[in-house]
Amino acid sequence: MMASQERVDAPWQQIRAQLPQFERADIVVGFPSFNNAETVKPVIEAVLAGLRQACPDASVLLVNQDAGSQDGTPELVKGAVEGRMSVALLHRATRTATGMESRLSGAWPSGREEAFHSFLSATKESGATACAVIDPAVRSVTPDWMTWLLSPIMESRAEYVAPVFLRPRYEGSLTNMLVYPLNRALYGSAMRYHAGGGCGMSGRLADLYLAQRFWDERAVRSSMDICLTTVAIAEDRSLCEAGLGEKLIQSPAGGDDVSSVVAQTVGAVFYFMERYQDVWEHRSQAQPVLHTGLPYRPQPDRGPINIDRMMRGFRQGLRDLLPIWEIILSPETLSGILPLALIEKDEFRFPPQLWAQTVYDFALAYHEKVLHREHLLKSLTPLYLGQ
């Protein structure tokens, strides 16, 4: 508990050192930046305009946690904000208060989770009613984002506001095919689990997040959006989705290793499936989800899908991973998967019921620790490609 409190206190001490006259804020806005000089000024202008529109009388603290930018991003943040609201610039520490090295993951090399922890800490210590986190790499931020992310919280209609973006049907396939349907089946919530860009949470929910055990689970906390959304759902907090339009990124993330993404994402889902077993075993009613902002609708596909590459990945998995799958999958599930190797591309279909049973088999194997968990999770990748 003491180490956890130290983690909360450390960013707040930095903020108070920079703003000795600062007392409290109604709203905290978090900016987790890394080399965003190209986009940060227009994003800040949109945020400031949105705050004037949504919460004209609120006192605001903007906290920028930077991951080691080489292009002067923090200085640009301070120059764009200074004189209009309180602003604090935080930099990643090479070690956390517990002495453990920060995890390098996600779009920010210091760990996106470290930045979120700082923003939540600032929200708690400043007594803020709400916190909004905005990614300054998103070129499509508009003033309306602040209304859509903050108004439901300031008006006590929701405690957590998650983003929903307009995107092509096949974008975010891991979310669409596994994260969203599994969590909807478990917890009865229609939250879509879109990641990044922007989100909002109440001060009370920030306190709850800071007390969670996932901060000490290195492999879990890297999937910060899943952590925040699942905890809010499972803890029965009031929910809202904000339709934020398209998410246009300054420089889209490069080709991350698919198996690592699968392991990280699905591992977080299975972690909470274990953690909240008592919730989903007894939850019978669906949770209502308020919607604000733009209505959700699929967008046109950006380009052709490389089916051949996915088929090769699936068949390679059948050749290389069969001994592992025999440990993880039930005989019934495996007997449904093996014949798929003989089906030609144009006729290939991974039956939905078979995919659902595959995911549940992996969840059970994860729970029973039949293999090293990272190896188990990565071995799902060829089946995901087949689906």
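Notes on the structure follow. Just so you know, these numbers come straight off a predicted model, no measurement behind them.

In this section: unusual backbone geometry. At Tyr193, a position not held by glycine, the phi torsion is positive, near 65°. Given the relative accessible area of 8%, Tyr193 is considered buried. Residues other than glycine seldom take positive phi values, yet Lys369 does so here, at roughly 55°. Mapping Lys369 onto the fold places it in the loop between α15 (352–368) and α16 (373–378). Residue Lys369 is classed as exposed on the basis of its relative accessible area of 57%.

A separate point is a nonpolar patch on the surface. A contiguous nonpolar surface patch, about 270 Å² in accessible area, is contributed by Tyr170, Ile305 and Ile307. One can find Tyr170 in the loop between β5 (160–164) and α6 (173–187).

A separate point is the nonpolar core. Counting residues in each nonpolar core, the largest one holds 82 residues, and the members touching the most others are Tyr160, Met201, Phe270, Phe272 and Leu383. The element that contributes the greatest number of residues to this core is helix α10 (residues 258–275), accounting for nine residues. Judged by nonpolar contacts, the second largest core, of 36 residues, contains Val77, Met85, Ala132 and Cys240.

This next bit is on the packing of aromatic side chains. Enumeration according to the criterion identifies twelve aromatic pairs in this entry. The interplanar angle of 40° and the centroid separation of 4.8 Å between the aromatic rings of Phe214 and Trp215 together place this pair among those described as tilted. Summarising the burial analysis for this pair, Phe214 and Trp215 share the class buried. Ring geometry for Phe272 and Tyr276: centres 6.2 Å apart, planes at 15°, overall stacked. Per residue, the accessibility class of Phe272 equals that of Tyr276, and both read buried. Members of the aromatic cluster, each reached through a chain of ring pairs, are Phe214, Trp215, Tyr271, Phe272 and Tyr276. The lysine or arginine in question, Arg192, covers the ring of Tyr180, its NZ or CZ lying 5.7 Å from the ring centre. A cation over a ring is seen here: Arg192 above Tyr296, with NZ or CZ 4.1 Å from the ring centre.

The subject of this paragraph is the packing of helix α2 (residues 40–54) against helix α5 (residues 144–154). Between α2 and α5, the shortest axis-to-axis distance is 7 Å and the interhelical angle comes to 55°. As the angle between them shows, α2 and α5 are arranged oblique. Every pair of crossing elements has a handedness; the one defined by α2 and α5 is right-handed. Residue-level inspection shows Val47, Gly50, Leu51, Gln53 and Ala54 of α2 in contact with α5, the latter providing Asp144, Met146, Thr147, Leu150 and Ser151.

Evaluation of the coordinates by the stated rule reveals twelve salt bridges. Arg24 is paired through a salt bridge with Asp26; the nearest N and O atoms lie 3.0 Å apart. The class of Arg24 is partly exposed, set by a relative accessible area of 42%. Arg84 is the salt-bridge partner of Glu45, the closest N and O atoms lying 2.7 Å from each other. Highlighted residues: Glu45 in helix α2 and Arg84 in the loop between α3 (73–81) and β3 (86–91), separated in sequence by 39 residues.

What follows covers the side chain of Asp66. Topologically, Asp66 is positioned in strand β2 (residues 60–66). A distance of 2.6 Å separates polar atoms of two side chains, one belonging to Asp66 and the other to Ser69. Other than its neighbours up to four places away in sequence, Asp66 contacts Ser33, Phe34, Thr73, Pro74, Leu90, His91 and Arg92.

What counts, and at which threshold
- Residues numbered from 1 in each chain as written.
- Predicted model: local features only at pLDDT ≥ 70, side-chain atom pairs only at ≥ 80, totals over all residues.
- Heavy atoms only, no water.
- Buried < 20%, exposed > 50% of the residue type's maximum accessible area, 1.4 Å probe, protein only.
- Helix = DSSP H or I, 4+ residues; strand = E, 2+ residues; numbered from the N terminus.
- Patch = residues over 30% accessible without salt bridge, like charges linked within 9 Å, V, L, I, M, F, W, Y side chains within 5 Å.
- Areas by Shrake-Rupley, 256 points an atom, 1.4 Å probe, with all protein chains shown as cover.
- Salt bridge = Lys/Arg side-chain N within 4 Å of Asp/Glu carboxyl O.
- Core = buried A, V, L, I, M, F, W, Y, C linked by side-chain atoms within 4.5 Å.
- Phe/Tyr/Trp six-rings, centres within 6.5 Å; stacked < 30°, edge-to-face > 60°.
- Lys NZ or Arg CZ within 6 Å of the ring centre and 35° of its normal.
- Axes fitted to C-alpha atoms, helices over the stretch in contact; angles between N-to-C directions.
- Parallel < 35°, antiparallel > 145°, perpendicular 65-115°, else oblique.
- Left-handed = near helix turned anticlockwise from the far one by under 90°.
- Contact = heavy atoms within 4.5 Å.
- Polar contact = N/O pair within 3.5 Å; in protein donor to acceptor, adjacent residues only side chain to side chain.

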